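Next come the chains, spelled out residue by residue.
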Amino acid sequence: MYESTRGNYPEQTGKEAIALGMVPVGGLFVPKHYPKINWEDIRGITYPQLAQLIFQSYLPDFTKEKCIEASEIYNKNVFDSDNPAPLVNVGKMGILELWHGPTAAFKDMALQVLPHLLGESMKVLTQTDRVLILVATSGDTGKAALEGFKNVKGTEIIVFYPESGVSTVQERQMTTTDGVNTRVVPVMGNFDQCQSAVKEIFANSKLRETFNQRGIAFSSANSINWGRLLPQIVYYFWAYLQAVESQSLRPGEKMNVVVPTGNFGNILAAYYARMMGLPINKLICASNENNVLTDFFVEGIYNRNRSFYVTSSPSMDILISSNFERFLYEMSGKRPDKINNWYKQLQERGEFKVDSDTLAMAREAVVAGWASEAEVQMVIKAVYQEYSYVLDPHTAVAVKVYDDYTKKTGDKTFTIIASTASPFKFAKTVLEGIDASAVSGDEWINLKKLSEITGWAIPQGLQGLEDKQTFGLSHVRPKEISELIRKVYIS
Ligand SMILES: *Cc1c(COP(=O)(O)O)cnc(C)c1O
């Protein structure tokens, strides 16, 4: 069963939590219990089998057949290799490549599954027969969600992205989507403003009622939806199994995990894996110059009143990190009263301070650090020169933070880095690190150059984007989003 972080809603089944997306009156659904999985029992298992096992353990209200169906997407027709999440040794690090899906970012690992989970979950909502998926994206969720839900019967999907806050490739990936049920809208604002506007729609009971009367339910493909987080737990177990298999780890030995973080979803999935019994030592939260989380772990103050930077790792340009609420819920000892109080302060004053017990728990669970833009460039260059391995800017943030961590602590624990995107999504930045003289003003030339220089193939989903027809709608202000969806879907 699933409960609200704010203690303001009855417990829900897995299907209900997924169908609703977030708690309709504010707050996020969290599992009441964490099933245990002993890694020794799952040695030799395939990725789809592992996914099925984990889905089933959290979703007892789904049939076994449904869980099998959902996990069978991890095959070669969808992902570009037999292993959907290979662990590649680069120096002493294990790079967990999570970008072999159709849109070349880790979001595919969950968003290819979500339509299966959501399709089944929607059946519990009796008064509606269509679902409108509202998505705010910092760049990668948008395309991954569009691909996942494209032409899926009974669903409409609309994606909002910050008009100057995504990479050229990310934008073109989204606007070239040609589904009958897909819409893409640039927003005059940053990601936080997009996300807040979308969350307000969820919390707007009048608007929800209007849509429900027309047979349309709202749901979310953002990581506020439990159905997004669940599939992300799987690959941390998978990473561990691979590390033992390749003898990077002795059986039972703990590993560190470094996650380049924005909305705190990916690292939260790693935290859940640890709660389930996976041998994880340190969880390391890596931020870019939008380092609101790094600061939190110093003093226990979450303060979003600060400059917002547009960086080379746009998917982490976030100051209001949604899933941090789920993390704090656990760290506070599951205290909705505290969560309500903190999030009210965040809303009203843009900051809050947690008590010393909660901070101590949080610091025990997670280590945090950040990397500057100049450091990202240096890391991309250094790793390429030393290992001929090409990092995308998000993964480079993680590698830099890991470097700092080992220098400071001397910790020799084998460490996996969650690699969240293909370098080709950010070709210009990566080229600047590898060979600045090759950089062109035309991003599509940069992709080809990057491929020529490194010998790496351009991922299929990024090929030929420059020539495809675009379908984006015209831009809106954050305030106009609710009016727009009213116009588009109930006119
Ligand atoms: C979404 C994204 C992140 C951040 O993940 P969160 O789950 O939001 O913390 C990091 N890197 C890339 C490439 C992403 O697309």
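You'll find the structure just up there.
Owing to the predicted nature of the structure, the values given are computational and were not obtained by experimental measurement.

Visitor: Can you explain the overall build of the protein chain? Please cite residues and give values.
Guide: The secondary structure content of the protein chain amounts to 20 helices and 14 strands. Taken against the 2.2 N^0.38 rule, which gives 23 Å for 491 residues, the C-alpha radius of gyration of the protein chain at 21 Å falls within 12% of a compact globule. Here the protein chain holds 491 residues, and 62% of them are scored as buried. If you sum the accessible surface of the protein chain, you get close to 18,700 Å²; carbon and sulfur atoms cover 47% of it. Computing the positive centroid from 50 side-chain charges and the negative centroid from 54, the protein chain places the two 4 Å apart.

Visitor: Tell me what's going on with the sheet that holds strand β5 (residues 130-136), and back it up with residues and numbers.
Guide: Strand order in the open sheet formed by four strands is β7-β6-β5-β8, and the pairing between neighbours is parallel. Edge positions in the sheet fall to β7 (182-187) and β8 (216-220), since each of these pairs with one other strand and no more. Adjacent strand axes in the sheet meet at a mean angle of 20°, parallel and antiparallel pairs treated alike. Here helix α6 (residues 140-149) sits on the sheet in contact with β5, β6 (155-162) and β7, set at roughly 170° to β6.

Visitor: I'd like to hear about the pairing of strand β3 (residues 87-90), residue by residue, with values.
Guide: In the case of a regular strand, side chains alternate between the two sheet surfaces. Judged from the four bridges that link them, β3 and strand β4 (residues 93-97) form a sheet pairing that is antiparallel. By the bridge assignment, Asn-89 is partnered in β4 with Gly-94. Where β3 folds back onto β4 in an antiparallel hairpin, the turn is made up of two residues, including Gly-91, whose phi is positive at roughly 60°.

Visitor: Which residues make up helix α20 (residues 481-489), and what values go with them?
Guide: For α20, the full list of buried residues reads Ile-481, Leu-484, Ile-485 and Tyr-489. Projected onto a plane normal to the axis of α20, the buried residues spread over an arc of 105° and lie on a single side. Against the buried residues of α20 lie β5, β6, β7, α8 (191-203), α9 (205-213) and β8.

Visitor: Can you explain the site of the ligand? Please cite residues and give values.
Guide: Residues in contact with the ligand amount to 15 residues; listed here are only the nearest, Lys-107, Asp-140, Gly-262, Asn-263 and Thr-420. The contact in question runs from an oxygen atom of the ligand to an N or O atom on the side chain of Lys-107, over 2.6 Å. The contact in question runs from an oxygen atom of the ligand to an N or O atom on the side chain of Asp-140, over 2.5 Å. Looking at side-chain class alone, the shell around the ligand contains five nonpolar, eight polar and two charged residues.

Visitor: Describe the pattern of salt bridges, listing the residues and the values that go with them.
Guide: For the structure on display, the rule yields 22 salt bridges. Arg-486 serves as the salt-bridge partner of Glu-483, at 3.7 Å between the closest nitrogen and oxygen. Of this pair, Glu-483 and Arg-486 both sit in helix α20, three residues apart, which is roughly one turn of the helix. The exposure class assigned to Arg-486 is partly exposed, which follows from its relative accessible area of 33%. What emerges from the salt-bridge pattern is a single network uniting Lys-15, Lys-66, Glu-69, Glu-120 and Lys-123.

Visitor: Pulling in residues and values, what's your account of the pairing of β4?
Guide: With respect to burial, β4 is a largely interior element, five of its five residues being buried. Burial of the side chains of β4 extends over both faces: Met-93, Ile-95 and Glu-97 are buried on one face and Gly-94 and Leu-96 on the other. Inspection of the sheet shows β4 paired to strand β14 (residues 415-419) by five bridges, in the parallel sense. From the neighbouring strand, Gly-94 faces β14, where its bridge partner is Ile-416.

Visitor: Kindly report on the environment of Ser-322, identifying the contributing residues and their values.
Guide: Tracing the chain through its elements places Ser-322 in the loop between β11 (301-303) and α13 (324-331). Along the primary structure Ser-322 and Trp-456 are separated by 134 residues, whereas in three dimensions their C-alpha atoms are 34 Å apart. Those residues in contact with Ser-322, other than ones at most four positions away along the chain, are Leu-28, Gln-195, Lys-199, Ile-224 and Asn-263. Of note is the side chain of Ser-322, whose polar atom sits 3.0 Å from the side chain of Gln-195.

What counts, and where the lines are drawn
- Residues numbered from 1 in each chain as written.
- Predicted model: local features only at pLDDT ≥ 70, side-chain atom pairs only at ≥ 80, totals over all residues.
- Heavy atoms only, no water.
- Helix = DSSP H or I, 4+ residues; strand = E, 2+ residues; numbered from the N terminus.
- Rg over C-alpha atoms; globule rule 2.2 N^0.38 Å.
- Buried < 20%, exposed > 50% of the residue type's maximum accessible area, 1.4 Å probe, protein only.
- Areas by Shrake-Rupley, 256 points an atom, 1.4 Å probe, with all protein chains shown as cover.
- Lys, Arg positive; Asp, Glu negative; His and termini not counted.
- Charge placed at Lys NZ, Arg CZ, Asp CG, Glu CD.
- Pairing = 2+ DSSP bridges.
- Axes fitted to C-alpha atoms, helices over the stretch in contact; angles between N-to-C directions.
- Contact = heavy atoms within 4.5 Å.
- Arc of directions from axis to C-beta.
- Near = heavy atom within 4 Å.
- Polar contact = N/O pair within 3.5 Å; in protein donor to acceptor, adjacent residues only side chain to side chain.
- Nonpolar A, V, L, I, M, F, W, Y, C, P; charged D, E, K, R; others polar.
- Salt bridge = Lys/Arg side-chain N within 4 Å of Asp/Glu carboxyl O.

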